[in-house]
There are 2 protein chains.
Amino acid sequence: MSNLDQVRVASRSTEVTRAALIKAATAVFAEYGYDGGSVRLITQKAMANQAAVNYHFGGKDGLYREVLLAATRAFEENAFLDAEELDALSPEGALRRYLHQFLLPLVKRDRVCRYLRIFAWESVKPSETFSAFIAQSPPRIFRLAERVVRRFLPQESSSETVTFAMLWLAQQPMFFVREAERLAKPPFSLKFDDDALERLVDTLTGLSLRGLAGF
Amino acid sequence: MSNLDQVRVASRSTEVTRAALIKAATAVFAEYGYDGGSVRLITQKAMANQAAVNYHFGGKDGLYREVLLAATRAFEENAFLDAEELDALSPEGALRRYLHQFLLPLVKRDRVCRYLRIFAWESVKPSETFSAFIAQSPPRIFRLAERVVRRFLPQESSSETVTFAMLWLAQQPMFFVREAERLAKPPFSLKFDDDALERLVDTLTGLSLRGLAGF
DNA sequence: TTGAAATTCAAACGGCTGTTTGAAGCGAAA
DNA sequence: TTTCGCTTCAAACAGCCGTTTGAATTTCAA
(Lines give C-alpha, C1' and ligand atoms only; values in the text may rest on other atoms or scores of the structure.)
Protein backbone atom coordinates (compact mmCIF):
# COMPACT_ATOMS: atom_id res chain seq x y z
CA MET A 1 0.00 0.00 0.00
CA SER A 2 1.32 3.35 -0.92
CA ASN A 3 -0.21 4.75 2.18
CA LEU A 4 1.66 2.35 4.42
CA ASP A 5 4.91 3.04 2.61
CA GLN A 6 4.47 6.71 3.18
CA VAL A 7 3.96 6.13 6.84
CA ARG A 8 6.91 3.78 7.09
CA VAL A 9 9.38 6.02 5.31
CA ALA A 10 8.18 9.10 7.04
CA SER A 11 8.43 7.37 10.38
CA ARG A 12 11.98 6.33 9.64
CA SER A 13 13.05 9.95 9.50
CA THR A 14 10.81 10.56 12.45
CA GLU A 15 12.52 7.86 14.46
CA VAL A 16 15.93 9.42 13.92
CA THR A 17 14.81 12.73 15.34
CA ARG A 18 12.82 11.08 18.10
CA ALA A 19 15.78 8.94 19.15
CA ALA A 20 18.12 11.91 19.19
CA LEU A 21 15.67 13.90 21.28
CA ILE A 22 15.12 11.05 23.74
CA LYS A 23 18.85 10.52 24.12
CA ALA A 24 19.51 14.20 24.69
CA ALA A 25 16.54 14.49 27.02
CA THR A 26 17.79 11.56 29.10
CA ALA A 27 21.08 13.32 29.70
CA VAL A 28 19.50 16.68 30.41
CA PHE A 29 16.75 15.40 32.72
CA ALA A 30 19.31 13.28 34.57
CA GLU A 31 21.45 16.32 35.23
CA TYR A 32 18.86 19.01 35.88
CA GLY A 33 15.64 17.18 36.65
CA TYR A 34 12.38 17.59 34.79
CA ASP A 35 11.66 21.16 35.85
CA GLY A 36 15.25 22.29 35.50
CA GLY A 37 15.91 20.68 32.14
CA SER A 38 14.89 23.05 29.36
CA VAL A 39 13.54 22.14 25.97
CA ARG A 40 15.97 24.56 24.39
CA LEU A 41 18.95 22.71 25.86
CA ILE A 42 17.58 19.33 24.83
CA THR A 43 16.89 20.33 21.23
CA GLN A 44 20.28 22.03 21.05
CA LYS A 45 22.02 18.82 22.17
CA ALA A 46 19.94 16.78 19.76
CA MET A 47 20.64 19.29 16.96
CA ALA A 48 16.92 19.64 16.41
CA ASN A 49 14.54 22.52 16.29
CA GLN A 50 12.79 23.62 19.46
CA ALA A 51 9.41 22.93 17.96
CA ALA A 52 10.41 19.33 17.26
CA VAL A 53 9.62 18.36 20.84
CA ASN A 54 6.05 19.51 20.48
CA TYR A 55 5.74 18.10 16.99
CA HIS A 56 6.99 14.62 17.86
CA PHE A 57 5.99 14.24 21.50
CA GLY A 58 3.22 16.73 21.99
CA GLY A 59 5.26 18.69 24.49
CA LYS A 60 7.95 18.45 27.16
CA ASP A 61 5.85 16.11 29.23
CA GLY A 62 5.40 13.66 26.38
CA LEU A 63 9.14 13.57 25.82
CA TYR A 64 9.71 12.92 29.50
CA ARG A 65 7.23 10.10 29.34
CA GLU A 66 9.30 8.47 26.59
CA VAL A 67 12.46 8.83 28.66
CA LEU A 68 10.77 7.16 31.63
CA LEU A 69 9.49 4.44 29.37
CA ALA A 70 12.99 3.73 28.11
CA ALA A 71 14.34 3.79 31.65
CA THR A 72 11.70 1.40 32.89
CA ARG A 73 12.28 -0.94 29.98
CA ALA A 74 16.03 -0.90 30.57
CA PHE A 75 15.42 -2.12 34.10
CA GLU A 76 12.59 -4.48 33.35
CA GLU A 77 13.56 -6.13 30.10
CA ASN A 78 17.30 -6.58 30.20
CA ALA A 79 18.38 -9.88 31.61
CA PHE A 80 21.32 -8.63 33.60
CA LEU A 81 19.71 -9.94 36.76
CA ASP A 82 16.53 -11.94 36.63
CA ALA A 83 14.55 -13.54 39.36
CA GLU A 84 15.31 -17.10 38.27
CA GLU A 85 19.03 -16.43 38.43
CA LEU A 86 18.64 -15.20 41.99
CA ASP A 87 16.59 -18.21 43.00
CA ALA A 88 19.20 -20.59 41.65
CA LEU A 89 21.82 -19.17 44.03
CA SER A 90 22.12 -19.76 47.75
CA PRO A 91 20.50 -17.07 49.90
CA GLU A 92 23.93 -15.65 50.61
CA GLY A 93 24.87 -15.82 46.95
CA ALA A 94 21.66 -14.13 45.91
CA LEU A 95 22.25 -11.35 48.41
CA ARG A 96 25.76 -10.74 47.17
CA ARG A 97 24.67 -10.91 43.55
CA TYR A 98 21.92 -8.39 44.20
CA LEU A 99 24.19 -5.90 45.92
CA HIS A 100 26.91 -6.31 43.33
CA GLN A 101 24.53 -5.79 40.44
CA PHE A 102 22.97 -2.62 41.77
CA LEU A 103 26.31 -1.17 42.86
CA LEU A 104 27.78 -1.65 39.39
CA PRO A 105 26.84 1.85 38.20
CA LEU A 106 29.47 3.09 40.66
CA VAL A 107 32.25 2.03 38.28
CA LYS A 108 30.31 1.82 35.02
CA ARG A 109 28.78 5.25 34.84
CA ASP A 110 26.63 4.55 31.82
CA ARG A 111 23.10 4.92 30.63
CA VAL A 112 21.74 3.02 33.62
CA CYS A 113 23.40 5.57 35.85
CA ARG A 114 21.51 8.37 34.12
CA TYR A 115 18.28 6.51 34.67
CA LEU A 116 19.10 6.17 38.35
CA ARG A 117 19.71 9.89 38.54
CA ILE A 118 16.30 10.55 37.03
CA PHE A 119 14.80 8.26 39.66
CA ALA A 120 16.69 10.23 42.30
CA TRP A 121 15.06 13.42 41.07
CA GLU A 122 11.72 11.71 41.22
CA SER A 123 12.32 10.74 44.83
CA VAL A 124 12.61 14.41 45.74
CA LYS A 125 9.80 15.75 43.60
CA PRO A 126 7.64 13.01 42.13
CA SER A 127 6.03 13.88 38.82
CA GLU A 128 2.59 12.61 38.01
CA THR A 129 4.02 10.95 34.94
CA PHE A 130 6.41 8.90 37.03
CA SER A 131 3.91 8.16 39.77
CA ALA A 132 1.61 6.68 37.19
CA PHE A 133 4.46 4.49 36.00
CA ILE A 134 5.39 2.96 39.34
CA ALA A 135 1.81 2.71 40.55
CA GLN A 136 1.11 -0.06 38.08
CA SER A 137 4.05 -2.10 39.33
CA PRO A 138 6.82 -1.50 41.89
CA PRO A 139 10.24 -0.90 40.33
CA ARG A 140 12.24 -4.01 39.62
CA ILE A 141 14.88 -3.15 42.21
CA PHE A 142 12.22 -3.49 44.91
CA ARG A 143 10.68 -6.65 43.57
CA LEU A 144 14.06 -8.36 43.42
CA ALA A 145 14.98 -7.15 46.89
CA GLU A 146 11.80 -8.64 48.26
CA ARG A 147 12.66 -11.93 46.60
CA VAL A 148 16.08 -11.90 48.25
CA VAL A 149 14.94 -11.03 51.76
CA ARG A 150 12.02 -13.44 51.73
CA ARG A 151 14.47 -16.33 51.69
CA PHE A 152 15.85 -15.15 55.01
CA LEU A 153 12.62 -14.25 56.77
CA PRO A 154 10.46 -16.86 58.48
CA GLN A 155 7.27 -17.79 56.70
CA GLU A 156 5.11 -16.18 59.35
CA SER A 157 6.71 -12.73 59.09
CA SER A 158 4.21 -9.91 58.81
CA SER A 159 4.02 -8.19 55.45
CA GLU A 160 5.13 -5.02 57.21
CA THR A 161 8.33 -6.71 58.37
CA VAL A 162 8.95 -7.99 54.87
CA THR A 163 8.45 -4.50 53.48
CA PHE A 164 10.79 -2.97 56.07
CA ALA A 165 13.51 -5.49 55.31
CA MET A 166 12.99 -5.20 51.58
CA LEU A 167 13.28 -1.40 51.64
CA TRP A 168 16.23 -1.66 53.99
CA LEU A 169 18.10 -3.83 51.52
CA ALA A 170 17.01 -2.07 48.34
CA GLN A 171 18.09 1.38 49.38
CA GLN A 172 21.61 0.34 50.37
CA PRO A 173 23.04 0.19 46.85
CA MET A 174 20.77 3.02 45.70
CA PHE A 175 22.32 5.30 48.29
CA PHE A 176 25.90 4.71 47.23
CA VAL A 177 25.10 5.08 43.54
CA ARG A 178 23.05 8.20 44.05
CA GLU A 179 25.57 9.85 46.34
CA ALA A 180 28.65 8.71 44.42
CA GLU A 181 29.61 12.20 43.34
CA ARG A 182 29.21 13.65 46.78
CA LEU A 183 31.08 10.78 48.41
CA ALA A 184 33.97 11.34 46.03
CA LYS A 185 34.51 14.77 47.53
CA PRO A 186 35.72 15.67 51.04
CA PRO A 187 35.08 14.92 53.78
CA PHE A 188 34.50 11.35 52.52
CA SER A 189 36.78 11.19 49.48
CA LEU A 190 35.66 7.75 48.33
CA LYS A 191 36.87 6.96 44.82
CA PHE A 192 35.25 3.84 43.42
CA ASP A 193 37.48 1.75 41.19
CA ASP A 194 36.93 -1.96 40.62
CA ASP A 195 38.76 -2.93 43.80
CA ALA A 196 36.93 -0.43 45.97
CA LEU A 197 33.66 -1.69 44.54
CA GLU A 198 34.54 -5.24 45.53
CA ARG A 199 35.43 -4.13 49.04
CA LEU A 200 32.14 -2.24 49.30
CA VAL A 201 30.21 -5.28 48.08
CA ASP A 202 32.06 -7.41 50.63
CA THR A 203 31.30 -5.03 53.46
CA LEU A 204 27.64 -4.55 52.59
CA THR A 205 27.11 -8.26 51.95
CA GLY A 206 28.59 -9.07 55.33
CA LEU A 207 26.54 -6.44 57.12
CA SER A 208 23.28 -7.37 55.41
CA LEU A 209 23.85 -11.09 55.56
CA ARG A 210 24.38 -11.14 59.29
CA GLY A 211 21.45 -8.80 59.75
CA LEU A 212 19.08 -10.89 57.69
CA ALA A 213 20.38 -14.25 58.86
CA GLY A 214 19.26 -13.45 62.39
CA PHE A 215 15.57 -13.66 61.59
CA MET B 1 24.21 56.25 72.63
CA SER B 2 21.58 57.57 70.28
CA ASN B 3 23.38 55.92 67.43
CA LEU B 4 23.19 52.53 69.08
CA ASP B 5 19.52 53.02 69.86
CA GLN B 6 18.82 53.81 66.25
CA VAL B 7 20.60 50.68 65.23
CA ARG B 8 18.82 48.59 67.84
CA VAL B 9 15.34 49.78 67.03
CA ALA B 10 15.91 49.66 63.33
CA SER B 11 17.29 46.19 63.59
CA ARG B 12 14.34 45.06 65.66
CA SER B 13 12.03 45.75 62.75
CA THR B 14 14.63 44.28 60.49
CA GLU B 15 14.73 41.08 62.49
CA VAL B 16 10.99 40.62 62.26
CA THR B 17 11.08 40.79 58.49
CA ARG B 18 14.20 38.68 58.29
CA ALA B 19 12.73 35.98 60.51
CA ALA B 20 9.49 35.88 58.54
CA LEU B 21 11.42 35.59 55.29
CA ILE B 22 13.66 32.83 56.61
CA LYS B 23 10.70 30.89 57.93
CA ALA B 24 8.80 31.19 54.67
CA ALA B 25 11.90 30.39 52.64
CA THR B 26 12.50 27.24 54.70
CA ALA B 27 9.06 25.94 53.81
CA VAL B 28 9.30 26.92 50.15
CA PHE B 29 12.82 25.59 49.58
CA ALA B 30 11.88 22.36 51.37
CA GLU B 31 8.96 21.84 49.04
CA TYR B 32 10.34 23.06 45.72
CA GLY B 33 14.13 23.10 46.12
CA TYR B 34 16.36 26.11 45.65
CA ASP B 35 15.84 26.51 41.91
CA GLY B 36 12.15 25.75 42.04
CA GLY B 37 11.34 27.98 44.99
CA SER B 38 10.54 31.48 43.77
CA VAL B 39 11.23 34.71 45.58
CA ARG B 40 7.70 35.85 44.82
CA LEU B 41 6.19 32.84 46.63
CA ILE B 42 8.50 33.32 49.60
CA THR B 43 7.77 37.02 50.03
CA GLN B 44 4.08 36.35 49.58
CA LYS B 45 4.09 33.74 52.37
CA ALA B 46 6.11 36.10 54.57
CA MET B 47 3.80 39.00 53.73
CA ALA B 48 6.80 41.01 52.64
CA ASN B 49 7.71 42.89 49.52
CA GLN B 50 9.62 41.11 46.79
CA ALA B 51 12.49 43.54 47.09
CA ALA B 52 12.87 42.71 50.78
CA VAL B 53 14.87 39.60 49.94
CA ASN B 54 17.47 41.65 48.11
CA TYR B 55 17.40 44.40 50.69
CA HIS B 56 17.90 42.14 53.71
CA PHE B 57 19.88 39.24 52.26
CA GLY B 58 21.47 40.62 49.14
CA GLY B 59 19.51 38.19 46.98
CA LYS B 60 17.93 34.77 46.83
CA ASP B 61 21.26 33.08 47.45
CA GLY B 62 21.88 35.04 50.63
CA LEU B 63 18.47 34.05 51.94
CA TYR B 64 19.17 30.41 51.16
CA ARG B 65 22.45 30.70 53.03
CA GLU B 66 20.54 31.83 56.12
CA VAL B 67 18.15 28.90 55.82
CA LEU B 68 21.05 26.47 55.60
CA LEU B 69 22.68 28.16 58.57
CA ALA B 70 19.53 27.70 60.65
CA ALA B 71 19.23 24.09 59.50
CA THR B 72 22.83 23.33 60.39
CA ARG B 73 22.47 24.98 63.77
CA ALA B 74 19.30 23.03 64.49
CA PHE B 75 21.22 19.81 63.97
CA GLU B 76 24.44 20.91 65.60
CA GLU B 77 23.36 22.88 68.63
CA ASN B 78 20.26 21.17 69.94
CA ALA B 79 21.03 18.58 72.56
CA PHE B 80 18.45 16.02 71.49
CA LEU B 81 21.22 13.51 70.98
CA ASP B 82 24.77 14.25 71.95
CA ALA B 83 27.89 12.19 71.69
CA GLU B 84 28.31 11.77 75.42
CA GLU B 85 24.83 10.37 75.76
CA LEU B 86 25.63 7.78 73.12
CA ASP B 87 28.91 6.83 74.76
CA ALA B 88 27.16 6.26 78.08
CA LEU B 89 24.94 3.58 76.54
CA SER B 90 25.88 0.06 75.58
CA PRO B 91 26.82 -0.39 71.94
CA GLU B 92 23.42 -1.94 71.32
CA GLY B 93 21.68 0.81 73.23
CA ALA B 94 23.58 3.48 71.34
CA LEU B 95 22.61 1.91 68.03
CA ARG B 96 18.96 1.78 68.97
CA ARG B 97 19.03 5.32 70.33
CA TYR B 98 20.63 6.57 67.16
CA LEU B 99 18.10 4.93 64.85
CA HIS B 100 15.18 6.00 67.00
CA GLN B 101 16.31 9.60 67.11
CA PHE B 102 16.80 10.01 63.40
CA LEU B 103 13.57 8.18 62.56
CA LEU B 104 11.55 10.50 64.81
CA PRO B 105 10.71 12.94 61.99
CA LEU B 106 8.53 10.13 60.58
CA VAL B 107 5.89 10.82 63.22
CA LYS B 108 6.80 14.37 64.21
CA ARG B 109 6.77 16.11 60.87
CA ASP B 110 8.17 19.38 62.12
CA ARG B 111 10.84 21.91 61.32
CA VAL B 112 13.54 19.27 61.38
CA CYS B 113 11.64 17.41 58.71
CA ARG B 114 11.74 20.46 56.44
CA TYR B 115 15.47 20.71 56.95
CA LEU B 116 15.84 17.07 55.97
CA ARG B 117 13.88 17.75 52.82
CA ILE B 118 16.25 20.58 51.94
CA PHE B 119 19.15 18.19 52.46
CA ALA B 120 17.40 15.73 50.18
CA TRP B 121 17.25 18.38 47.46
CA GLU B 122 20.93 19.01 48.00
CA SER B 123 21.71 15.36 47.52
CA VAL B 124 20.26 15.53 44.02
CA LYS B 125 21.67 18.88 42.98
CA PRO B 126 24.26 20.19 45.42
CA SER B 127 24.50 23.96 45.60
CA GLU B 128 27.82 25.63 46.13
CA THR B 129 26.42 27.28 49.21
CA PHE B 130 25.65 23.92 50.79
CA SER B 131 28.85 22.27 49.65
CA ALA B 132 30.81 24.99 51.39
CA PHE B 133 28.80 24.28 54.54
CA ILE B 134 29.45 20.56 54.78
CA ALA B 135 33.03 20.81 53.56
CA GLN B 136 34.08 22.47 56.79
CA SER B 137 32.63 19.64 58.86
CA PRO B 138 30.60 16.53 58.07
CA PRO B 139 26.97 16.75 59.12
CA ARG B 140 26.25 15.66 62.64
CA ILE B 141 24.26 12.63 61.54
CA PHE B 142 27.44 11.22 60.00
CA ARG B 143 29.69 12.06 62.91
CA LEU B 144 27.35 10.35 65.35
CA ALA B 145 26.97 7.34 63.10
CA GLU B 146 30.72 6.95 62.99
CA ARG B 147 30.80 7.08 66.76
CA VAL B 148 28.22 4.31 66.96
CA VAL B 149 29.81 1.95 64.46
CA ARG B 150 33.33 2.41 65.79
CA ARG B 151 32.30 0.63 68.95
CA PHE B 152 31.48 -2.45 66.91
CA LEU B 153 34.43 -2.45 64.55
CA PRO B 154 37.81 -3.88 65.53
CA GLN B 155 40.52 -1.37 66.25
CA GLU B 156 42.49 -2.34 63.18
CA SER B 157 39.65 -1.72 60.72
CA SER B 158 40.66 0.34 57.72
CA SER B 159 39.28 3.85 57.56
CA GLU B 160 37.51 2.83 54.37
CA THR B 161 35.68 0.08 56.19
CA VAL B 162 34.71 2.49 58.94
CA THR B 163 33.42 4.94 56.34
CA PHE B 164 31.44 2.22 54.55
CA ALA B 165 29.83 1.06 57.77
CA MET B 166 29.19 4.61 58.92
CA LEU B 167 27.45 5.57 55.68
CA TRP B 168 25.56 2.29 55.69
CA LEU B 169 24.13 3.07 59.11
CA ALA B 170 23.55 6.79 58.59
CA GLN B 171 21.51 6.45 55.42
CA GLN B 172 19.09 3.93 56.88
CA PRO B 173 16.97 6.41 58.84
CA MET B 174 17.56 9.14 56.26
CA PHE B 175 15.97 6.96 53.60
CA PHE B 176 12.77 6.29 55.51
CA VAL B 177 12.36 9.92 56.52
CA ARG B 178 13.07 11.23 53.05
CA GLU B 179 10.80 8.73 51.32
CA ALA B 180 8.04 8.86 53.90
CA GLU B 181 5.54 10.45 51.58
CA ARG B 182 6.23 8.06 48.76
CA LEU B 183 6.14 5.04 51.09
CA ALA B 184 2.74 6.16 52.35
CA LYS B 185 1.30 5.66 48.88
CA PRO B 186 0.83 2.42 46.93
CA PRO B 187 2.39 0.04 46.30
CA PHE B 188 3.99 0.30 49.76
CA SER B 189 1.23 2.00 51.77
CA LEU B 190 3.28 2.42 54.96
CA LYS B 191 1.60 4.76 57.44
CA PHE B 192 3.86 5.68 60.32
CA ASP B 193 2.14 6.13 63.64
CA ASP B 194 3.94 5.74 66.97
CA ASP B 195 3.55 1.98 66.98
CA ALA B 196 4.73 1.52 63.42
CA LEU B 197 7.73 3.70 64.23
CA GLU B 198 8.62 1.43 67.14
CA ARG B 199 8.33 -1.63 64.96
CA LEU B 200 10.55 -0.02 62.34
CA VAL B 201 13.11 0.89 64.98
CA ASP B 202 13.00 -2.68 66.26
CA THR B 203 13.48 -4.14 62.80
CA LEU B 204 16.28 -1.80 61.80
CA THR B 205 18.03 -2.16 65.14
CA GLY B 206 17.94 -5.91 64.82
CA LEU B 207 19.19 -5.88 61.26
CA SER B 208 21.97 -3.40 61.93
CA LEU B 209 22.98 -4.86 65.25
CA ARG B 210 23.52 -8.34 63.89
CA GLY B 211 25.31 -6.91 60.90
CA LEU B 212 27.67 -4.78 62.94
CA ALA B 213 28.18 -7.30 65.73
CA GLY B 214 29.76 -9.73 63.28
CA PHE B 215 32.88 -7.68 62.81
C1' DT C 1 8.37 16.11 -12.97
C1' DT C 2 4.43 17.09 -10.29
C1' DG C 3 1.81 17.44 -6.09
C1' DA C 4 0.68 16.49 -1.57
C1' DA C 5 2.07 15.09 2.91
C1' DA C 6 5.61 15.10 6.51
C1' DT C 7 9.00 17.58 8.76
C1' DT C 8 11.88 21.52 9.86
C1' DC C 9 12.55 26.14 10.82
C1' DA C 10 12.92 31.05 12.70
C1' DA C 11 10.17 34.06 14.95
C1' DA C 12 7.01 35.45 18.17
C1' DC C 13 3.71 34.75 22.23
C1' DG C 14 2.49 35.05 27.08
C1' DG C 15 4.17 33.96 31.47
C1' DC C 16 7.39 33.34 35.04
C1' DT C 17 12.11 34.27 36.96
C1' DG C 18 15.59 37.23 40.08
C1' DT C 19 16.90 41.80 40.42
C1' DT C 20 16.88 46.93 40.17
C1' DT C 21 14.89 51.39 40.70
C1' DG C 22 13.32 55.57 42.69
C1' DA C 23 9.67 57.27 45.23
C1' DA C 24 6.90 56.80 49.49
C1' DG C 25 6.28 55.60 54.37
C1' DC C 26 8.06 55.39 58.77
C1' DG C 27 10.15 56.26 63.54
C1' DA C 28 13.08 58.60 66.33
C1' DA C 29 16.57 62.34 67.14
C1' DA C 30 17.13 67.32 66.90
C1' DT D 1 7.79 70.17 63.86
C1' DT D 2 11.47 69.30 60.99
C1' DT D 3 14.94 66.30 59.47
C1' DC D 4 17.25 62.20 58.43
C1' DG D 5 18.15 57.24 57.98
C1' DC D 6 16.01 52.88 57.58
C1' DT D 7 12.58 50.16 55.48
C1' DT D 8 8.79 49.23 52.35
C1' DC D 9 6.60 49.44 48.11
C1' DA D 10 4.82 49.10 43.19
C1' DA D 11 6.66 49.13 38.91
C1' DA D 12 9.73 48.01 35.50
C1' DC D 13 13.85 45.44 33.64
C1' DA D 14 16.16 41.81 31.09
C1' DG D 15 16.19 36.96 30.55
C1' DC D 16 14.61 32.28 30.31
C1' DC D 17 10.69 29.18 30.02
C1' DG D 18 7.27 25.96 27.12
C1' DT D 19 4.46 26.47 23.36
C1' DT D 20 2.36 28.21 19.01
C1' DT D 21 2.48 29.80 14.39
C1' DG D 22 2.77 29.85 9.51
C1' DA D 23 5.93 29.62 5.98
C1' DA D 24 9.93 27.06 3.94
C1' DT D 25 11.87 22.79 3.11
C1' DT D 26 12.20 17.98 2.43
C1' DT D 27 10.37 13.57 1.15
C1' DC D 28 8.53 10.39 -1.84
C1' DA D 29 4.44 8.30 -4.31
C1' DA D 30 2.16 9.04 -8.59
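Residues numbered from 1 in each chain as written. Chains lettered and ligands numbered in written order. Predicted model: local features only at pLDDT ≥ 70, side-chain atom pairs only at ≥ 80, totals over all residues. Heavy atoms only, no water.

(A) The arrangement of the overall build of chain A in detail. Looking only at helices and strands, chain A has 12 helices and zero strands in total. Dimensions of chain A, computed from C-alpha atoms along their principal axes, come out at roughly 65 × 45 × 30 Å. Taken across its 215 residues, chain A has 46% of its residues classed as buried. The contacts in chain A between residues at least 6 apart in sequence include a share of 71% that link residues at least 24 apart. When the accessible area of chain A is evaluated, it comes to approximately 10,500 Å², of which 52% is carbon and sulfur surface. (Helix = DSSP H or I, 4+ residues; strand = E, 2+ residues; numbered from the N terminus. Buried < 20%, exposed > 50% of the residue type's maximum accessible area, 1.4 Å probe, protein only. Contact = heavy atoms within 4.5 Å. Areas by Shrake-Rupley, 256 points an atom, 1.4 Å probe, with all protein chains shown as cover.)

(B) Broad picture of the interface of chain A and chain B. Residue-level contacts link 45 residues of chain A with 45 residues of chain B. Of the roughly 4,300 Å² buried between chain A and chain B, counting both surfaces, carbon and sulfur atoms make up 69%. Of all residues in chain A, Val124, Phe164 and Arg182 of chain A bury the most surface against chain B, accounting for 16% of the area lost on that side. Ionic pairing is found between Arg199 of chain A and Glu160 of chain B, a salt bridge with its closest N-O pair at 2.5 Å. Our count for the contact surface shared by chain A and chain B stands at 12 residue pairs in polar contact (both at pLDDT 80 or more). Among the elements of the structure, helix 1 (2-36), helix 7 (111-124), helix 8 (128-136), helix 10 (159-178), helix 11 (180-184) and helix 12 (194-213) of chain A are those that each provide at least two residues to the side of chain A that touches chain B. At 12 residues, helix 10 of chain A tops the list of elements feeding residues into the side of chain A that touches chain B. Looking at side-chain class alone, the side of chain A that touches chain B contains 27 nonpolar, eight polar and 10 charged residues. (Buried area = accessible area lost by both parts, 1.4 Å probe. Salt bridge = Lys/Arg side-chain N within 4 Å of Asp/Glu carboxyl O. Polar contact = N/O pair within 3.5 Å; in protein donor to acceptor, adjacent residues only side chain to side chain. Nonpolar A, V, L, I, M, F, W, Y, C, P; charged D, E, K, R; others polar.)

(C) Spotlight on the environment of Gln44 of chain A. By the secondary structure assignment, Gln44 of chain A is in helix 2 (residues 39-45). Considered as a pair, Gln44 of chain A and Ala24 of chain A are 20 residues apart in the sequence and their alpha carbons are 8.7 Å apart.

(D) Structural context of the pattern of salt bridges. Residue and element names in this part refer to chain A. Scanning the entire structure with this criterion turns up 20 salt bridges over all chains. Across the pair Arg182 and Glu179 runs a salt bridge whose closest N-O atoms are separated by 3.2 Å. Each member of the pair, Arg182 as well as Glu179, is classed as buried. One salt-bridge network, in which partners are shared between bridges, spans Glu15, Arg18 and Glu66.

(E) Structural context of the packing of aromatic side chains. Tallied over the full model, the rule gives 19 aromatic pairs over all chains. Between Phe119 of chain A and Phe130 of chain A, the ring centres sit 5.5 Å apart and the planes meet at 40 degrees, which makes this aromatic pair tilted. Here Phe119 of chain A is found in helix 7, whereas its partner Phe130 of chain A is found in helix 8, with 11 residues between them in sequence. Residue class for Phe119 of chain A comes out partly exposed when judged on its relative accessible area of 22%. Grouped by ring-pair contacts, the aromatic residues Phe164 of chain A together with Phe175, Phe176 and Phe192 of chain B constitute a single cluster. Above the plane of the ring of Tyr34 of chain A lies Lys60 of chain A, whose end atom (NZ or CZ) is 4.6 Å from the centre. (Phe/Tyr/Trp six-rings, centres within 6.5 Å; stacked < 30°, edge-to-face > 60°. Lys NZ or Arg CZ within 6 Å of the ring centre and 35° of its normal.)

(F) Examining the domain arrangement of chain A more closely. Residue and element names in this part refer to chain A. Split by domain assignment, chain A resolves into domain 1 (1-60) and domain 2 (79-212). Surface buried jointly by domain 1 and domain 2 totals about 580 Å² across both partners, of which 68% is contributed by carbon and sulfur atoms. Counting the contacts that link domain 1 with domain 2 gives zero salt bridges. Broken down by class, the residue content of the side of domain 1 that touches domain 2 amounts to four nonpolar, two polar and two charged. (Domains from an automatic or database assignment.)

(G) Just the relation of the copies chain A and chain B, in detail. Here chain A sits on chain B after a turn of 180 degrees about the axis and a move of 0.1 Å along it, with an RMSD of 0.1 Å. In the structure described here, the two chain copies are related by an operation that fits a two-fold rotation axis. No C-alpha of chain A approaches the rotation axis more nearly than that of Gly211 of chain A, which lies at 2.2 Å. The share of interface residues of chain A whose copies in chain B are also at the interface is 100%, consistent with both copies meeting through the same surface. (Least-squares fit on C-alpha atoms with pLDDT ≥ 70 in both.)

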